[in-house]
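# Survey of secondary and tertiary structure
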Number of protein chains: 2
Amino acid sequence: MTINRRSFIKASAAGALMLSAGGLQTACSAAGAARGRQAAEADKFHLGAAGYTFVKFDLDTTLKTLRRADVHYLCIKDFHLPLNATDEQIAAFHAKCASYGVTGYGVGPIYMANEAEADRAFAYARRVGVKILVGVPSYELLPYVNKKLEQYPEIKLAIHLHGPDIDIYQTASVIWDKVKDYNPRMGMCLDIGHDLRGGADPVEDLRKYHTRVFDMHFKDESEASKAGWCVEIGRGKIDFPALVRMMRKVGYEGVCSLEYEKDMDDPFMGIAESYGYLKAVCNMA
Amino acid sequence: MTINRRSFIKASAAGALMLSAGGLQTACSAAGAARGRQAAEADKFHLGAAGYTFVKFDLDTTLKTLRRADVHYLCIKDFHLPLNATDEQIAAFHAKCASYGVTGYGVGPIYMANEAEADRAFAYARRVGVKILVGVPSYELLPYVNKKLEQYPEIKLAIHLHGPDIDIYQTASVIWDKVKDYNPRMGMCLDIGHDLRGGADPVEDLRKYHTRVFDMHFKDESEASKAGWCVEIGRGKIDFPALVRMMRKVGYEGVCSLEYEKDMDDPFMGIAESYGYLKAVCNMA
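Just so you know, these numbers come straight off a predicted model, no measurement behind them. (Residues numbered from 1 in each chain as written. Chains lettered and ligands numbered in written order. Predicted model: local features only at pLDDT ≥ 70, side-chain atom pairs only at ≥ 80, totals over all residues. Heavy atoms only, no water.)

Residues and elements named next belong to chain B. Relative to the helices and strands, alanine 121 is located in helix α5 (residues 115–128). Judged by its relative accessible area of 0%, alanine 121 falls in the buried class. Sequence-wise, alanine 121 and lysine 96 are 25 residues apart; in three dimensions their C-alpha atoms are separated by 22 Å. Residue contacts for alanine 121: discarding those within four places in its chain leaves Ile110, Met112 and Leu133. (Helix = DSSP H or I, 4+ residues; strand = E, 2+ residues; numbered from the N terminus. Buried < 20%, exposed > 50% of the residue type's maximum accessible area, 1.4 Å probe, protein only. Contact = heavy atoms within 4.5 Å.)

Another aspect to go through is a nonpolar patch on the surface. Among the surface-exposed residues, A:Tyr52, A:Val55 and A:Phe79 lie close enough to one another that they form a single nonpolar patch of about 210 Å² accessible area. On the secondary structure map, A:Phe79 appears in the loop between β2 (73–76) and α4 (87–99). (Patch = residues over 30% accessible without salt bridge, like charges linked within 9 Å, V, L, I, M, F, W, Y side chains within 5 Å. Areas by Shrake-Rupley, 256 points an atom, 1.4 Å probe, with all protein chains shown as cover. Salt bridge = Lys/Arg side-chain N within 4 Å of Asp/Glu carboxyl O.)

Right, let's get into the packing of aromatic side chains. Residue and element names in this part refer to chain A. Under the definition given, this model contains 10 aromatic pairs over all chains. Residues phenylalanine 218 and phenylalanine 240 carry aromatic rings whose centres are separated by 5.8 Å and whose planes lie at 55° to one another, so their mutual orientation is tilted. On the criterion of sequence distance, the pair formed by phenylalanine 218 in strand β7 (residues 213–218) and phenylalanine 240 in helix α10 (residues 240–250) is long-range, its members being 22 residues apart. Neither phenylalanine 218 nor phenylalanine 240 differs from the other in exposure class; each is buried. Its end group placed over the ring of tyrosine 139, lysine 178 keeps NZ or CZ at 3.9 Å from the ring centre. (Phe/Tyr/Trp six-rings, centres within 6.5 Å; stacked < 30°, edge-to-face > 60°. Lys NZ or Arg CZ within 6 Å of the ring centre and 35° of its normal.)

Within the largest apolar cluster, 169 residues are counted, with the highest numbers of intra-cluster contacts made by A:Leu133, A:Met216, A:Phe218, B:Leu133, B:Met216 and B:Phe218. With sequence-adjacent residues up to four places away left out, B:Phe218 is seen in contact with B:Ile192, B:Ile233, B:Phe240, B:Leu243, B:Met247, B:Cys256, B:Ser257, B:Leu258, B:Glu259 and B:Leu278. (Core = buried A, V, L, I, M, F, W, Y, C linked by side-chain atoms within 4.5 Å.)

Attention shifts here to the pattern of salt bridges. The final tally for this structure, using the stated rule, is 38 salt bridges over all chains. Note that A:Asp191 and A:Lys219 form a salt bridge whose closest N and O atoms lie 2.7 Å from each other. Of this pair, A:Asp191 sits in strand β6 (residues 186–191) while A:Lys219 sits in the loop between β7 and β8 (220–221), placing them 28 residues apart in sequence. The closest approach of N and O atoms between B:Asp119 and B:Lys148, which form a salt bridge, is 2.9 Å. In this pair, B:Asp119 is assigned in helix α5 and B:Lys148 in helix α6 (residues 142–151), connecting sequence segments 29 residues apart. On the basis of relative accessible area, B:Lys148 is assigned to the buried category, the value being 5%. If you follow the salt bridges from partner to partner, you end up with A:Glu232, A:Arg235, A:Lys262, A:Glu273 and B:Lys279 in one network.

Residue and element names in this part refer to chain B. Spatial strand order, β1-β2-β3-β4-β5-β6-β7-β10: 8 strands in a closed barrel with parallel pairing. This sheet shows a mean twist of 30° between the axes of neighbouring strands, independent of strand direction. Inspection of the sheet shows strand β7 (residues 213–218) paired to strand β10 (residues 255–258) by 3 bridges, in the parallel sense. By the bridge assignment, methionine 216 is partnered in β10 with cysteine 256. (Pairing = 2+ DSSP bridges. Axes fitted to C-alpha atoms, helices over the stretch in contact; angles between N-to-C directions.)

This part is about the side chain of B:Asp205. Residues and elements named next belong to chain B. Summarising the element assignment, aspartate 205 is placed in helix α9 (residues 202–209). A residue is classified by how much of its surface remains accessible, and aspartate 205, at 3% relative accessible area, is buried. When residues no more than four places from it in sequence are discounted, the contact partners of aspartate 205 are Ala172, Ser173, Asp195, Ala200 and His210.

All names here are of chain A. What the 8 strands build is a closed barrel, ordered β1-β2-β3-β4-β5-β6-β7-β10; its pairing is parallel. Within this sheet the neighbouring strands show an average axis-to-axis angle of 30°, counted without direction. Along the sheet face, helix α3 (residues 59–69) touches β1 (46–50) and β2 and points at about 150° away from the line of β2. In the packing of helix α5 (residues 115–128) onto the sheet, contacts are made with β2, β3 (103–112) and β4 (132–137), and the angle to β3 comes to roughly 175°.

A word on the confidence of the model for chain A. Low-pLDDT stretches of the model should not have their predicted coordinates read in fine detail. All names here are of chain A. Mean pLDDT for chain A: 90, with 87% of residues reaching 70 or above. Contacts from residues 1–29, a stretch scored under 50 in pLDDT, to residues over four places away or in other chains number 62 contacts. Among the prediction metrics, the complex's ipTM stands at 0.87, with pTM recorded as 0.88. (pLDDT = per-residue confidence, 0-100.)

Successive side chains on a regular strand alternate, one facing one side of the sheet and the next facing the other. Residues and elements named next belong to chain B. Judged from the 2 bridges that link them, strand β1 (residues 46–50) and strand β2 (residues 73–76) form a sheet pairing that is parallel. In the strand pairing of β2, alanine 49 is matched with leucine 74. Handedness of the crossover is the feature at issue here: the chain leaves β1, passes through helix α3 (residues 59–69), returns alongside β2, and the resulting connection is right-handed. Where β2 and strand β3 (residues 103–112) come together, 4 bridges link them in parallel fashion. By the bridge assignment, cysteine 75 is partnered in β3 with glycine 106. (Right-handed = clockwise from strand over helix to strand, strands pointing away.)

So, in C-alpha cells, the structure goes:
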C-alpha cells in the first residue's frame, strides 16, 4: 500500500493546520486554500461543456451559462453551428464565443454512415478550425476514416462511446479494439457515464486507454448498470476523486466536457452543481 | 506534524486504488466513492439555507430550489413567515416545507432594539417551534435577553455577526466577549464570510468558540478584507476543506446555511454551484 503523493502532502498540510494557532493559523488556512487551487490550476486538462447539454437552448444562453459557471471550453454541436455554415458564419460563431470567454475546442458528436458524410465531417472540422472531431463512424467506414486522418494531420478523431443503449461503441474497450491498429490519432471521447452503464470502470479504462483518449464527456449515473440515469455530478456512482487522480497520473491534456442529460428543459442548477462539485474535486484530489 | 486520520485513511485508500486492477479496481473505485459519502453521511451537521438568500423570492420558489439542490434545512426569514403570523399560518408554513422535504430549523436574523422586540422574537421562535433564534439584540439589551433565555429553556440565541460594514458584532471574537459570561445558550451564528471580511479566521474562530456556535452562515468572499464581496463557494478565500475538518473536530452539530448574496435577482446557478462544491468538500475532507 502506498500513499498518493498529492494526498500525502495535503494530509500533512491538514495536520500542520490542526497544530498551528492564531495568526499562523490564518496564514496556513489561506495558504491551504491557495495550495489546492494551485494544484488545480497546474492541471493540463480543462473543464468544458458538450454542446448537447444545451440542445434545447440557443448559443447565447449556452455561452451565458458557461460564463456564469466560469467554464471556458465548448464542444460545438451542429444545432449551434450547422455543418453547412459559411466561413462568415463560422467567424461570427467564434467571435461570439470569444465575447463570453469561451473557446470552441472541438466539434461533434457527428455521425458518419458513408464516405460522403465522413468527407463532410472532416472538412467541417477543418473549416471550424478545431483539432478534435468527436465522431461516430460506422464500423465499416473505419478504414476510410483512417485515410481521412492522413489527409487531416491536425485533427484527432475522438469516437464517442455510447453505452448499453445502442449497439455500437458500447464501451471504451470496444473502441480500443476497433482503433488500436489504425492511425494513433484515431481514438475516443471517453463518456464516463456511458462506460459505467456499459459495465466498465471509466477510471480503469482511462488508465488502460489514455493514449487514445482525446476528449471526455463528464456526467454521473444513478446506477453502475444499464438501469442508471444521468444525475448531478457527485450524486451518483462515479468516483470523481479517483478519476481526477487518474487524469493527473496519465497526464490527460484534453477537455472534460459536462454532458448533462437530466432536466434538459431547465438544466441550469444541475449544471452549476456539477461544476461546483468538480471544482472542489480538482482542488482536493 | 501529524496526519489527519480521515485524510490518511483516504490517502491510503487512494494508494490502494492505484495498485489494484481490473474487476478489483471496479469494486474498489465504487467503494471509494461510497466511503466518501458515508463519511459525509455520518456528519452531525447539515447543509441548509439562510432565508435571506431568497429575499427576492416567495416560499414556493425557495423550497423548489432547495428540493432541486437536495438541501433540507431552512432558517426562516420574516418575509416568508411574518412575526405576527397566526398559529394556522405557522402550521401551513411547516406543512408546505414538509411537502418539499424541508425543515424550518430556526428563525432570523431578527433585530431587537428594545425589550418589546425581544419579547416578540422569543415568543415567535416558540410559536414557530424552533430551537434556534438567530438574533441581533442591541448591546444594551443583552442582560434582558439573558433573562429571556431562562424563560425559554428550549431556545438557543445565535447572535449574528456582521463583519466590518456595521458597527456591532463585527467578528466572532466580539460576540464571544459579549456573551461569554451569560447563559451558555447565548452564542452566535458564525457568518464565515463576515468574520473573514472583519479580519478574522473563521476556521480558527470555530475552534476557539465552538461551544457557543449554534448556527453558521456559509458563503465565500473574493477578498479576506472589507473589500471582499460574496462569491460562489469555492471561488473565494475561505478554506472550506479546513473548515469542514474543523467542524468535525469540534463536533459541530448545527446547520451550515448558505447565505448567498451575489446575483440576488437570479441566484440559482450560484446557489447550486456552492452546494455542489460543499458536497464534494464534505465527501473528501
